Each structure stands twice: as C-alpha cells, then as structure tokens.
Amino acid sequence: MTSTSPGPRRTVTVAVVQAAAPLFDTPTALARAEEVIREAAVDHGAEVVVLPEAFLGGYPKGLDFDITVGSRTPAGRELFRRYHAAAIEIPGSEVESLAAVTRDLGCHAVVGAVERQGGTLYCVALFFGPDGYLGLHRKLMPTAAERYLWGQGDGSTLPVIDTGTARIGAGICWENYMPLFRTAMYAKGVDLWCAPTVDDRDVWGATMRHIALEGRCFVLSANQYLRRDALPADLHPIQGDQPDTVLIGGGSVIVSPLGEVLAGPLRDGEGILTAELDLDDLTRARFDFDPTGHYARPDVFTLHVDESSRTTVTSSPQNP
C-alpha cells in the first residue's frame, strides 16, 4: 500500500491598504501610493498589494458639483475642471512611476485610479507586476451620481492576470453587485478577486463574503479611509467641515474561498491588512461548487460576453 505526500504548501502573502490621498493633489497621491506599496511589500512581505478605488485622482465624497436635473453652474464646471486635471493619463508618468516600484520590489499591485482620456474620465483598476505595468480594468457602470463624472468602460478591459502563482482580477465597488460581470470573471478562472472600493457600509463585508463563497476565490477588498482634512479648504462636503469628519470609513477585508474572514474588517483609521493564503484552498473549495464548471447548467443558462473595444469613430483604409 502506497501513501501520497501532500507536497509543499503553495502560498502567497497578500495585503490590502486602507488609506486615502489628498483630493486634487496627484503628486502627493502618487507618493503615498508608492509609500504604502513599499511598506506592504517590505515590512509585511506582501507579494500582492491592493489599493482602494480612485486612490490616484481621488474620490470626491460628499461633493455634488452643483448638479440638479437640467441645470449646471459655472462653479460646478470649474470643480469638474479641477477634478479632470487631477486625473492621470494612461500611459503616463504616474503609471511609469508605479511600474518602477513593482519592478523594484518584484511584487504585484492593483491600484485604483481615475483615468483621463480626452474630455472623459474613467474609474479604473491598474495592474502592475515584476514586469511593470500589465493593464487596466475600466469600471463598467459608475454608480448613481458617479455618472456625472465618469464614463462607462466596455468589455475590452476585463483582464485576469496570470502571475504564475495565481490569477488576479478586479471588480470595482458596486460592479461587485453585477451577477453577469461576476460570472464572466469566474469563467476566466480568477483566484484573487480584488475589490477596490469606497463602500464603507457594514453590509459590504457580507457582499465580499458572498463573492468569495460564490466564486470560490480569495477576495481582497481595499477601502479608503478619508477625512475632511484631506480635501481642499474651499470645498464643503455635505458631511460637514470639521477637519476630523470621516467621509469614508474603511472596512477593508480579506476573505477565504469558503467565505471565512481572514483579516479585517478594518475600521476607524488607516492601516494595512495582510494574510498568507494557502492556494490549495482554492481546489478544496471548488470540490463541491464551481460556478462556471461542474455546478453550471449550460444547457439552461448561457452568457455572451462582448469583449470588443467600443469607439465612437472608426476609420477604414481607403482604396488606392
């Protein structure tokens, strides 16, 4: 009778960063992003680091840009100009700077940002690794008043990055509530589901646990912790003007493929959560449930995903 050895453990150390950068100050935001990625990798041994939604470019929580139905104001247009100026271009110097950091550290990172392309802004998750910049995901559906500020992504930016150890994908904030988006990502074999967000409600943790259990994947959710004093003094968020007023209250969390909370939720301040993940837990969890595999019913349900790039103007070569 022969016995089988379980073999060496396959592990990866991950970190989610709960922090925020000053609004409308992109150089400071970039410096802060570089700082926390280095801290997570060097001090905590993280091989994968996740930063919150809109970390570069900013999330203007509590600002209304003077919008009412059918009406805009000069002051609101000027505020959007400032927000547009704080966004980053891709490719661009900020992306190159972060790529240099992950090349130097030999780690992977997922960083929330606001992308500027012409007159349109997009909420994005940027992927970096030991080889530098790896690509991006544009948020498919901005939520509620975010649609004043951000355009919609298309199916051409739904990457799942194979690190050689695990497959990394991202769903930004309320995209995590889109069942068909989740199904498309599950079908790509995502192992580490990264969820940059600004949703600080208690119920967000339940959503993260559900996705981990439904997708049989690890979930890494990084949220901002933003106070009023991170906004310029001339702005007046609806939450109030006291410097220590909390605008975004955190709640970052790391969850196992069986829905167990491994770290967090983190409240009441900035910080870095870490966990050593046993990647064999992915297979153990998928033993009795694989949402797009043995637990699927393609004879009853199918999903078509259009991953083509959608542009307003296309040019065809002219005949000579």
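What you see is a predicted model, and the numbers here were worked out from it, not measured in a lab.

A. Representation of the pattern of salt bridges. Per the counting criterion, the structure on display carries 23 salt bridges. The salt bridge involving Asp234 is made with Arg82; its shortest N-O contact spans 2.8 Å. A residue pair is termed long-range when its members are at least 10 positions apart, and Asp234 in the loop between strand E10 (225-227) and strand E11 (246-255) and Arg82 in helix H2 (residues 74-86) qualify at 152 residues. We note a salt bridge from Glu89 to Arg116, for which the minimum N-O separation is 3.6 Å. Here the residue Glu89 occupies a position in the loop between H2 and helix H3 (93-105), and Arg116 occupies one in strand E3 (residues 108-117), the gap between them amounting to 27 residues. Overall, Glu89 belongs to the partly exposed group, its relative accessible area being 42%. Residues participating in the shared-partner salt-bridge network are Arg32, Glu35 and Glu270.

B. Expanded view of unusual backbone geometry. Across the junction of Ile90 and Pro91, the peptide omega takes the value 5°, indicating a cis bond. Within the element layout of this structure, Pro91 appears in the loop between H2 and H3. Looking along the chain, the bond that leaves Gly264 and enters Pro265 is cis, with omega of -5°. The residue Pro265 is located in strand E12 (residues 261-267) in this model. Of note in this structure, Ala54 is not a glycine but carries a positive phi near 55°. Within the secondary structure, Ala54 sits in the loop between strand E2 (48-50) and H2. Note on Ala54: relative accessible area 0%, which makes it buried.

C. A look at the pairing of E12. Of the pairings in the sheet, the one linking E11 to E12 comprises 4 bridges and is antiparallel in character. Bridging across to E12, Ser252 finds its partner in Leu266.

D. Focus on a nonpolar patch on the surface. A surface patch of nonpolar side chains, about 270 Å² in accessible area, is lined by Trp174, Tyr177 and Val203. Its location among the elements puts Val203 in helix H5 (residues 203-215). A relative accessible area of 43% places Val203 in the partly exposed class.

E. Seen up close, the sheet that holds strand E1 (residues 11-18). On the basis of which strands lie adjacent, the open sheet formed by 6 strands has the order E5-E4-E3-E2-E1-E13 and mixed pairing. Lying at the two open borders of the sheet, with one neighbouring strand each, are strand E5 (132-138) and strand E13 (271-278). Mean inter-strand twist for the sheet, computed between neighbouring axes without regard to direction, equals 30°. Each of E3, strand E4 (120-129) and E5 is contacted by H3, which is oriented at about 20° to E4, the strand it contacts most.

Criteria and thresholds
Residues numbered from 1 in each chain as written. Predicted model: local features only at pLDDT ≥ 70, side-chain atom pairs only at ≥ 80, totals over all residues. Heavy atoms only, no water. Salt bridge = Lys/Arg side-chain N within 4 Å of Asp/Glu carboxyl O. Helix = DSSP H or I, 4+ residues; strand = E, 2+ residues; numbered from the N terminus. Buried < 20%, exposed > 50% of the residue type's maximum accessible area, 1.4 Å probe, protein only. Pairing = 2+ DSSP bridges. Patch = residues over 30% accessible without salt bridge, like charges linked within 9 Å, V, L, I, M, F, W, Y side chains within 5 Å. Areas by Shrake-Rupley, 256 points an atom, 1.4 Å probe, with all protein chains shown as cover. Axes fitted to C-alpha atoms, helices over the stretch in contact; angles between N-to-C directions. Contact = heavy atoms within 4.5 Å.

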